[in-house]
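Each chain, letter by letter, is given below.
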Amino acid sequence: MIRFDYARAADVAAAVRAGAAERTRFLAGGTNLVDLMKENVERPLHVVDINRLALKDIEDRDDGGLRLGALATNADTAYDARVQSRYPLLASAILAGASPQLRNVATNGGNLNQRTRCYYFYDTATPCNKREPGSGCSAIGGVTRIHAILGASNHCIATHPSDLCVALAALEAEVQVTGPAGERTIPLSDYHRLPGDAPERDNTLAPGELVTAIDLPAEGFADHYTYLKLRDRLSYAFALVSVAVGLTLEDDGTIGDARVALGGVAHKPWRSTEAETLLQGAVPSEGIFRAAAETLLKGAVGQGGNDFKIELARRAIMRALKQAADGTPQSQTDKRVR
Ligand code: SF4
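Since the structure is predicted, the reported quantities are computational estimates derived from the model, not experimental observations.

How do you make sense of the overall build of the protein when you look at a structure like this?
Each helix and strand counted, the protein has 13 helices and eleven strands in total. Against the compact-globule benchmark of 20 Å for 338 residues, the protein has a radius of gyration of 19 Å, which places it among compact chains. Judged by the C-alpha coordinates and their principal axes, the protein covers about 60 × 50 × 35 Å. Here the protein holds 338 residues, and the buried ones make up 53% of them. For the protein, contacts bridging at least 24 residues in sequence account for 63% of all contacts bridging at least 6. For the protein, the centre of its 38 positive side-chain charges and the centre of its 41 negative side-chain charges are spaced 7 Å apart.

Please clarify how the domain arrangement of the protein should be interpreted in this entry.
Where interface size is given, it is often the accessible area lost as the parts come together that is meant. Domains assigned within the protein are domain 1 (5-52) and domain 2 (224-325). Taken over C-alpha atoms, the centre of domain 1 sits 36 Å from the centre of domain 2.

Help me understand helix H5 (residues 88-96), please; the structure alone is not making it clear to me.
Quick reminder: α-helices carry 3.6 residues per turn. Residues three or four places apart thus point the same way. Among the nine residues of H5, nine are classified as buried, and the element is accordingly described as predominantly covered. Of all the residues in H5, the buried ones are Pro88, Leu89, Leu90, Ala91, Ser92, Ala93, Ile94, Leu95 and Ala96. At the C-terminal side of H5, Ala98 shows a positive phi close to 55°.

Looking at this structure, I do not really get the sheet that holds strand E9 (residues 225-230). What am I missing?
Two modes of strand pairing occur in sheets, parallel and antiparallel, and in both the strands are linked by backbone hydrogen bonds. Strand order across the open sheet formed by three strands is E9-E10-E11, with antiparallel pairing between neighbours. Whereas interior strands pair on both sides, the edge strands pair on one side only; in this sheet they are E9 and strand E11 (255-263). Shown here is a sheet whose adjacent strand axes are inclined to one another by a mean of 10°, direction ignored. Direction of pairing for strand E10 (residues 241-249) relative to E11: antiparallel, over a ladder of seven bridges. Counted as the bridge partner of Ala244 is Ala261 from E11.

Definitions and cut-offs
- Residues numbered from 1 in each chain as written.
- Predicted model: local features only at pLDDT ≥ 70, side-chain atom pairs only at ≥ 80, totals over all residues.
- Heavy atoms only, no water.
- Helix = DSSP H or I, 4+ residues; strand = E, 2+ residues; numbered from the N terminus.
- Rg over C-alpha atoms; globule rule 2.2 N^0.38 Å.
- Buried < 20%, exposed > 50% of the residue type's maximum accessible area, 1.4 Å probe, protein only.
- Contact = heavy atoms within 4.5 Å.
- Lys, Arg positive; Asp, Glu negative; His and termini not counted.
- Charge placed at Lys NZ, Arg CZ, Asp CG, Glu CD.
- Domains from an automatic or database assignment.
- Pairing = 2+ DSSP bridges.
- Axes fitted to C-alpha atoms, helices over the stretch in contact; angles between N-to-C directions.

Next comes the structure, spelled out in structure tokens:
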């Protein structure tokens, strides 16, 4: 048996104080952490239960945006009337992920911090640099169907598994955190990191920092959006490739603003400023969608078992851009791609 102590934090300050101790994990919904503890992958000495913190609300912001409490559940977020009407891309991405049971307890903050589903990360009998830094990467040369085609390193080729974060990347959300050094704001694009030579670090949180909220800007791309997720099993599976798109269209039919983020292909939601600039001002067409897809996938490299993902991603990006431009977003109840 592996022993750890458990404490329930009464407020954010108490949680941050408790979180300063080495090998501490914050417990929210527990849908990932508890699994990892059962599998002996996470071995915290201290578990700080943050479920009683006042971080569950979803609130309008003065700038026209919306603040999502870190402890609001995925379900409460997806079914919030403001999220559904102003940020349907986010609602759609959440409903594309997990199962209703999981979404009822999984929190927004926890979703940001969920760990890779790399098979070897969970298999403590195999080397894994993310689990045991310096031990090696069993995925390289191994089974790589779910692994990265962009931004990988010689130390790790894992992907970030979230759907919600892919939509947050496209929406240019900001993450509010509180830690021993005070409060700060992290743009979503800077929150997750590429593996480089330190794959044990999934994100840019400093030790002891706690996510308190996620801020959405006013623009929600409610008229032209889609979240397209391609996976092995429609009922319930992580993305092989997913695409979040938000567009605005001008009166003359050209694209105004354009956001495209990819999931399932890298250690973080993947965006390309170059691809988005290419789309801005263009008339929606198969040709411009193809060019954007090629630009987004510049430098994509397969690992053997996931070579198919490059072509899959190219087609998914083109289909998602068409869905968004046409105003026909992907349904998350009838999950067939049309
Ligand atoms: Fe570990 Fe990353 Fe390699 Fe998977 S890809 S075995 S998580 S180092």
